[in-house]
Amino acid sequence: MAPVQEPAVIVRSAYKWYGSKKDKRIVLNHLDMTVEKGSIYGLLGSSGCGKTTLLACLVGRRQLMSGTIQVLPGRKASVAARRIGYMPQEVALVGEFTVKNAVYYFGRLYGLEEDKIEERFSLLFKLLDLPDENRYVKNCSGGQQRRVSFAAALVHEPELLILDEPTVGLDPVLRANIWEHLIGVATKNNVAVIITTHYIEETRQADRIGLMRGGKLLAEDAPENVMRKYGCSSLEETFLLLSVKQSKADGGTEEPIVVESIDSPTDEVVVDPSGQDVNNHYESKDDFSRLHSSSRDVLTTEDSPKNNEISYRGIRLKKVKALLIKNMQQFGRHPGGFIFSLIFPIIQLLSFFIAVGHEPREIRIGIVNDEVPNWNDCLNNTYTSVFYNASEYTCQYDKLSCKYIQAFDESVIIKKFYPTLEDAINSVKRGEIIGALHLSSNFSLATEERQRDGRDASDSSIENSNANYWLDMSNHQLTIFLKKRLYSDYVNFNKDVLSECHNSPRLADIPIKFNDPVYGNADASYAEFMVPGVMLTIIFFLATTVTSTIIIMDRLEGVWDRTIVAGVNSSDILIVHFTLQTTVIFIQTIEIVILTFYGYQVPFKGDIINISCILFLQGMCGMCFGFLISIICDSYSFAFFVSTGSFYPMIMLCGIVWPVEGMALGVRYVSKALPFTIPIMSMRDIMEKGHTMAYPGVYIGYIITIAWILGLLTLCLLLLKLRRK
């Protein structure tokens with residue numbers, strides 16, 4: 001009788017489904033499977049039969065609904081995680097890595113020393129005919145990438161090797177070499193190998209096969225035994241026969257069929273009343289942290305608490321180092337990401353300062369002057385408009401309309417003369433000018449009578465002394481500025497006239513006096529008002545975009561899952577991302593502060609460190625928002641929709657475009673609950689008022705930002721737990 005081999009994997013009554021309870025799709029249907037050490041187990045089945053899900057459960061990336069799984073019984077969790085080699089169906093490599101970097105990355109994750117990684121890489125380079133070690137993975141062909149992926153699974157000489165379609169896209173000679181190597185490591189090193197493949201006949205070289213369909217194993221035995229039992233000459237014929245048999249036997253029920261096996265193991269797995277395995281069982285999607293040691297475990301020197309603690313600390317440092325190197329190489333070798341992270345803040349701020357806050361120039365105004373029909377008469381300075389009679393203390397005006405027209409700032413207003421008001425208004429309608437001015441034929445006399453007679457002036461004199469404008473108000477911001485400028489020019493014109501008449505120019509002012517402002521600058525531009533909001537929103541959404549993009553890239557390429565299978569905790573991955581992104585945000589903060597306050601000389605009264613701290617924390621908040629997006633989104637397009645869809649509502653509601661006080665009461669509460677509405681006000685208090693951290697308006701901004709950071713991180717952790725199922 002052949003000696004009984006020690007099991008490497010034991011699966012009992014594995015049951016899993018996706019979807020809702022009413023419309024569930026069963027992918028593992030009470031499946032039993034045993035893989036022994038020193039053997040190759042070929043798992044065969046068509047796409048969608050549950051192979052990949054089963055492998056994901058074996059490596060801890062999916063949870064069973066019920067049933068038990070034991071992997072490397074007798075091994076402690078931290079040791080078992082390092083003794084598994086996993087090659088997923090996708091390539092799952094960082095495209096910005098070189099071939100050598102890719103293998104070294106996983107070697108470091110598994111805790112190997114550099115010289116050992118070099119030794120293993122040299123061996124695998126020859127065995128798998130890897131491409132040039134300095135070639136980037138993204139520049140390799142599909143077959144070359146799969147060979148590199150295979151090398152990454154073999155680099156640490158695992159005890160259990162799980163390979164999902166490792167030979168797809170490889171030429172027959174290389175497939176034969178791979179199988180020869182697998183047989184060698186299985187027999188000589190007592191390694192258990194689980195392999196799935198589309199090439200069914202090549203699994204004749206396996207020690208044991210499992211024919212899988214509809215989440216069930218139709219048969220589990222040595223290939224020759226399976227074919228002999230059913231009288232078939234090929235595995236494909238056998239699989240077809242069993243598939244037909246299953247279709248007839250199932251009858252639409254969920255009851256498991258009996259697995260046809262000649263020498264099925266008799267080992268029993270004890271299950272407590274709650275359905276949990278009391279032996280070495282795990283159901284964690286995140287890592288092997290829930291892998292419980294068997295009651296039959298024996299603590300070896302490697303597994304002893306003291307040595308294990310020291311070993312674990314050292315290995316964890318190597319893992320963190322590997323993750324840091326990976327992220328830095330991804331960032332440094334991706335020009336788009338580098339430019340986006342470090343250059344875009346400068347580009348965006350430059351765009352803002354170049355485009356926003358400057359007074360409009362060369363605004364075309366049409367002028368119809370009925371008092372001086374020949375506008376050339378207004379272009380010379382040989383005449384006098386105001387005649388003061390010193391003996392009678394009176395003034396007479398002549399061609400006062402010319403004096404008014406000449407009061408316009410020619411750098412702002414371009415004057416275009418028209419013979420009739422109808423012509424000027426038609427020109428406004430055609431978009432040739434922004435507005436039309438009409439001055440009556442007796443503008444000077446009417447103005448003189450209005451100033452002389454005051455309340456006794458006739459209605460016609462009041463009307464004829466007006467400067468009448470017709471404006472194109474479709475460009476609201478421009479016409480608001482134009483109105484302000486025209487009003488200012490008219491007041492200055494009246495002051496000049498009053499001065500020439502030896503009257504106080506203050507008579508031209510309306511009876512309201514605005515004294516020096518308590519805070520701020522009376523002549524501050526709109527850009528200065530917007531600066532705090534622009535700074536915070538730039539750093540917030542840049543951090544959001546960069547963080548979500550990098551993590552989604554890792555997830556879509558399978559790097560995230562494969563890294564966790566290598567024994568890395570999700571928390572370690574997030575910590576490394578957090579560390580790298582924090583560095584990037586710190587640099588962005590310095591860039592924005594220097595360009596804003598020292599490059600464009602935006603005035604500020606408060607502490608620059610205080611301003612920088614709020615800015616930095618807002619970047620951290622945006623990074624946490626990016627973490628959240630990367631968790632809830634499974635594609636770049638979805639992430640783009642979420643980030644873009646959240647960008648515009650936040651911008652509209654945060655008070656940059658329109659004051660919060662101008663919003664409906666309910667909307668105000670929503671606005672102030674956003675991550676950067678209150679911090680914008682806090683930064684404005686620091687810049688304009690010079691307030692410190694002790695002022696409520698400032699520290700509330702810190703509180704809001706930190707609360708958002710903690711809330712987003714908590715939500716991320718909760719969603720990560722939900723995704724483990």
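Every value quoted in this text rests on a predicted model; they were computed, and no experiment measured them.

How each quantity is defined
- Residues numbered from 1 in each chain as written.
- Predicted model: local features only at pLDDT ≥ 70, side-chain atom pairs only at ≥ 80, totals over all residues.
- Heavy atoms only, no water.
- Buried < 20%, exposed > 50% of the residue type's maximum accessible area, 1.4 Å probe, protein only.
- Helix = DSSP H or I, 4+ residues; strand = E, 2+ residues; numbered from the N terminus.
- Pairing = 2+ DSSP bridges.
- Phe/Tyr/Trp six-rings, centres within 6.5 Å; stacked < 30°, edge-to-face > 60°.
- Lys NZ or Arg CZ within 6 Å of the ring centre and 35° of its normal.
- Axes fitted to C-alpha atoms, helices over the stretch in contact; angles between N-to-C directions.
- Contact = heavy atoms within 4.5 Å.
- Core = buried A, V, L, I, M, F, W, Y, C linked by side-chain atoms within 4.5 Å.
- Polar contact = N/O pair within 3.5 Å; in protein donor to acceptor, adjacent residues only side chain to side chain.

**Q** Tell me what's going on with the pairing of strand S14 (residues 435-439), and back it up with residues and numbers.
**A** Taken across its five residues, S14 has five buried, putting it largely inside the fold. Covered by surrounding structure in S14 are Gly 435, Leu 437 and Leu 439 together with Ala 436 and His 438, the residues of both alternating faces. Taken together, the five bridges between strand S10 (residues 363-369) and S14 define a ladder with parallel strand orientation. Directly across from Ile 365, in S14, lies its bridge partner Gly 435. Bridge count between S14 and strand S15 (residues 468-471): four bridges; the pairing is antiparallel.

**Q** Before we move on, could you go through the packing of aromatic side chains and cite the residues and values that matter?
**A** The geometry of an aromatic ring pair is captured by two quantities: the separation of the ring centres and the angle between the planes. Under the definition given, this model contains 19 aromatic pairs. By the ring-pair criterion, three or more aromatic residues cluster together here, those being Phe 540, Phe 541, Phe 625, Phe 647, Tyr 648 and Phe 676. Stacked on the ring of Tyr 136, the Lys or Arg Lys 138 has its end atom at 5.9 Å from the ring centre. Above the ring of Phe 106, the side-chain terminus of Arg 562 is found at 4.8 Å from the ring centroid.

**Q** An account of the sheet that holds strand S6 (residues 160-164) is needed here, citing residue identities and associated values.
**A** In space, the six strands of this open sheet follow the order S5-S6-S7-S3-S8-S9, with mixed pairing throughout. Here the strands that pair on one side only, and so sit at the sheet edges, are strand S5 (84-87) and strand S9 (216-221). On average, each strand axis in the sheet is tilted by 15° relative to the strand beside it, whichever way the strands run. Here helix H5 (residues 142-154) sits on the sheet and contacts S5 and S6; the angle it forms with S5, its principal contact strand, is near 170°.

**Q** Run through the environment of Leu 653, naming residues and quoting values.
**A** Its location among the elements puts Leu 653 in helix H20 (residues 636-653). Those residues in contact with Leu 653 that lie beyond four places of it in its chain are Val 660, Met 663, Val 667, Val 670, Ser 671, Leu 674 and Thr 677.

**Q** Could you give an account of the sheet that holds S15, naming the residues involved and the relevant values?
**A** The mixed open sheet is built from four strands, whose spatial order is S13-S10-S14-S15. Since the sheet does not close on itself, it has two edges, and those belong to strand S13 (413-417) and S15, each with one partner. Here the average twist between neighbouring strands, direction ignored, is 25°. Helix H12 (residues 421-429) contacts S10, S14 and S15 of the sheet and is inclined by roughly 165° relative to S14. Of the strands in this sheet, S10, S13 and S15 are in contact with helix H15 (residues 476-500), which crosses S10 at around 50°.

**Q** Any chance you could break down the nonpolar core for me, citing the residues and the numbers?
**A** In this structure, Leu 163, Leu 182 and Leu 211 are the most contacted members of the largest nonpolar core, which totals 118 residues. Per-element tally for this core: the top contributor is helix H16 (residues 526-556), with 14 residues. With near-sequence residues (within four places) excluded, Leu 182 lies in contact with Ile 40, Phe 150, Leu 161, Leu 163, Val 193 and Ile 195. Core analysis: the second largest hydrophobic core is formed by 30 residues, Leu 28, Leu 43, Leu 64 and Leu 72 among them.

**Q** Can you break down the environment of Tyr 469 residue by residue, with the values?
**A** Examined against the element boundaries, Tyr 469 turns out to sit in strand S15. When the C-alpha atoms of Tyr 469 and Ile 367 are compared, they prove to be 9.3 Å apart, with 102 residues separating the residues in sequence. Other than its neighbours up to four places away in sequence, Tyr 469 contacts Tyr 404, Phe 408, Ala 436, Leu 437 and Leu 486. Side-chain polar atoms of Tyr 469 contact the side chain of Tyr 404, separated by 2.6 Å.

**Q** Could you give an account of helix H13 (residues 443-453), naming the residues involved and the relevant values?
**A** Looking at H13, one finds that the buried residues are Phe 443, Ser 444, Ala 446, Thr 447 and Glu 448. Looking at the packing, one finds that the buried side of H13 touches strand S12 (394-397), helix H11 (400-406), S14, helix H14 (459-464) and H15. Phi turns positive, to about 60°, at Gly 454, one or two residues after H13.

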